[in-house]
Amino acid sequence: MSTATTRAARANRATSTEGRSPEELREIVSHWGAELELAPAETIIEWAAATFGDRFAITSSMGDAVLAHLASKVVPGIDVVFLDTGYHFVETIGTRDAVEATLDVTLRTVRPELSVAEQDAQHGPDLYRTDPDRCCAMRKVEPLRRTLASYDAWATGLRRAETHDRVIAPVIGWDARKQKVKVSPIARWSDEQVETYIAENGVLVNPLVHDGYPSIGCWPCTRRVAPGADARSGRWAGTSKTECGIHA
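One structure accompanies this document, and this report is about it. Per chain, residue numbering runs from 1 following the sequence as it is written. For a predicted model such as this one, the threshold for reporting local features is a pLDDT of at least 70, and the threshold for listing and counting side-chain atom pairs is 80 or more; totals across whole chains, interfaces and linings nevertheless cover every residue. The basis for the side-chain values is all heavy atoms of the structure; hydrogens and waters are excluded.

### With respect to the overall build of the chain
Defined as follows: Numbering of helices and strands starts at the N terminus; helices are DSSP runs of H or I of at least 4 residues and strands are runs of E of at least 2. Note on contacts: a residue pair is in contact if any heavy atoms of the two residues lie within 4.5 Å. Where accessible areas are quoted, they stem from the Shrake-Rupley method and a 1.4 Å probe; at the residue level, only the protein chains shown are allowed to cover.
From N to C terminus, the chain includes nine helices and six strands. Within the chain, contacts between residues separated by at least 24 positions form 70% of all contacts whose residues are at least 6 apart in sequence. Looking at the chain as shown, the accessible area adds up to about 11,800 Å², and 51% of this sits on carbon and sulfur atoms.

Here it is, written out as structure tokens:
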């Protein structure tokens, strides 16, 4: 990050503990989005941490620890938000525990208001089958919205190479629904870049990735993917659903 960028970011950080208005946050996106579009992932994370201070966190679905590993090097102790839907594979929970044990991060496990049993009692069993959009809204979208109230900006592992729907994902963008700055440090990374980073840094990877699950969500809604098929084709297989709503 340039000296001018660093100086401006540090100046911004001085007020970050109190949070900024949506207007101020949109202005930051407008000013820095284009400048950081081609910046290295580490520089983007450094900028976000300097700009937003403790009001910046990253999220991880624990398919791998690439983003958490990157962030822990740049900002030791950074908050990592994990949404525990109550439907995760045991391997995903194991990956979360390993990330917490081995990386210099502060893991925040966030759960829905209702347990799976309570949701079944109130809305009928297996809501993920009868109304998957509502299930995702209750177990992912709302818990994240609630958690992000403590932050001005959040980082995701979103990559344009994953699906055609994500091609236009900006590195620094404005999440109008959440009224937050959305940072995607590895948005421009190819699959090969991810694999190289994992290999060179010994990054934790969910064991399911090597068992035919290149994209991992809740166990009732995730299937193995045939070799060569779209990596996300195993998510909500057999339905028209392609996203949980977090990135809507």
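### Observations regarding unusual backbone geometry
Rules: Only protein chains enter the area calculation, which uses a 1.4 Å probe; residues under 20% of their type maximum are buried, those over 50% are exposed, and those in between are partly exposed.
Positive phi, normally seen in glycine, also occurs at Asp126, with a value near 55°. Mapping Asp126 onto the fold places it in the loop between helix 6 (116-123) and helix 7 (127-130). Take Asp126: its relative accessible area is 28%, and that puts it in the partly exposed class.

### Observations concerning the nonpolar core
Selection criterion: The definition of a nonpolar core used throughout is a set of buried Ala, Val, Leu, Ile, Met, Phe, Trp, Tyr and Cys residues joined through side-chain atoms within 4.5 Å.
Within the largest apolar cluster, 42 residues are counted, with the highest numbers of intra-cluster contacts made by Phe52, Phe56, Ile58, Val66 and Ile172. Looking at this core element by element, the count peaks at seven residues for helix 3 (residues 41-52). Phe56 has contacts with Ile45, Ala48, Ala49, Ile78, Tyr151, Ala153, Trp154, Ala155 and Val183, leaving out every residue within four places of it along the chain. Core analysis: the next-biggest nonpolar cluster, separate from the first, contains 21 residues, Val81, Cys135, Cys136 and Cys221 among them.

### Some thoughts on the environment of Val74
Mapped onto the secondary structure, Val74 falls in helix 4 (residues 66-74). The exposure class assigned to Val74 is partly exposed, which follows from its relative accessible area of 28%. Between the C-alpha atoms of Val74 and Thr43, which are 31 residues apart in sequence, the distance is 8.5 Å. Those residues in contact with Val74 that lie beyond four places of it in its chain are Glu42, Ile45 and Glu46.

### Things to note about the sheet that holds strand 3 (residues 105-110)
We apply this condition: Only when DSSP finds a minimum of two bridges between them are two strands counted as paired. Note on geometry: axes are lines fitted to C-alpha atoms, helical ones only across the stretch in contact, with angles between N-to-C directions running from 0 to 180 degrees.
Reading across from one edge, 3-2-1-4-6-5 is the order of the six strands in this open sheet, with mixed pairing throughout. Of all strands in the sheet, those bounded by a partner on one side alone are strand 3 and strand 5 (172-175). Across the sheet, the axes of successive neighbouring strands diverge by a mean angle of 30°, strand direction being ignored. Of the strand pairs in this sheet, strand 4 (residues 153-155) and strand 6 (residues 180-183) are connected by three bridges, and their pairing is parallel. Looking at strand 6, one finds that Ala153 is bridged to Val181. Sheet strands touched by helix 3: strand 1 (56-59), strand 4, strand 5 and strand 6. Its angle to strand 1, the strand with the most contacts, is close to 140°.

### Topic: the pattern of salt bridges
Working definition: two side chains of opposite charge can pair if their charged atoms are close together. Put simply, the rule reads: The working definition used for a salt bridge is a side-chain nitrogen of Lys or Arg within 4 Å of a carboxyl oxygen of Asp or Glu.
Taken as a whole and assessed by the stated rule, the structure comprises 13 salt bridges. Residue Asp84 pairs with Arg111 through a salt bridge whose shortest N-O separation is 3.6 Å. With Asp84 in the loop between strand 2 (78-83) and helix 5 (90-102) and Arg111 in the loop between strand 3 and helix 6, this pair connects stretches of sequence that are 27 residues apart. Assessed through its relative accessible area of 13%, Asp84 is described here as buried.

### Topic: the pairing of strand 6
Neither face of strand 6 is left uncovered, since the one carrying Lys180 and Lys182 and the one carrying Val181 and Val183 both have all their residues buried. As judged from the four bridges shared by strand 5 and strand 6, these two strands associate in the antiparallel manner. Following the sheet pairing, Trp174 is matched in strand 6 by Val181. In this antiparallel pair of consecutive strands, strand 5 and strand 6, the connection spans four residues, and Gln179 shows a positive phi of 60°.

### A closer look at the packing of helix 4 against helix 9 (residues 191-201)
The cut-off we apply is this: Each angle receives one of four descriptions, namely roughly parallel if under 35 degrees, roughly antiparallel if over 145, roughly perpendicular if within 65 to 115, and oblique otherwise. It is the rotation of the near helix from the far one that decides the hand of a crossing: anticlockwise by less than a right angle makes it left-handed, clockwise makes it right-handed. Gly counts as polar in this scheme, as do all residues outside two lists: the nonpolar Ala, Val, Leu, Ile, Met, Phe, Trp, Tyr, Cys and Pro, and the charged Asp, Glu, Lys and Arg.
Between helix 4 and helix 9, whose axes approach to 11 Å, the crossing angle comes to 60°. As far as their axial angle goes, helix 9 and helix 4 are oblique. When you trace helix 4 past helix 9, the crossing you get is left-handed. Within the contact between the two elements, helix 4 uses Val66, His69, Leu70 and Lys73 and helix 9 uses Val194, Tyr197, Ile198 and Asn201. For the contact of helix 4 with helix 9, the residue count by class is five nonpolar, two polar and one charged.

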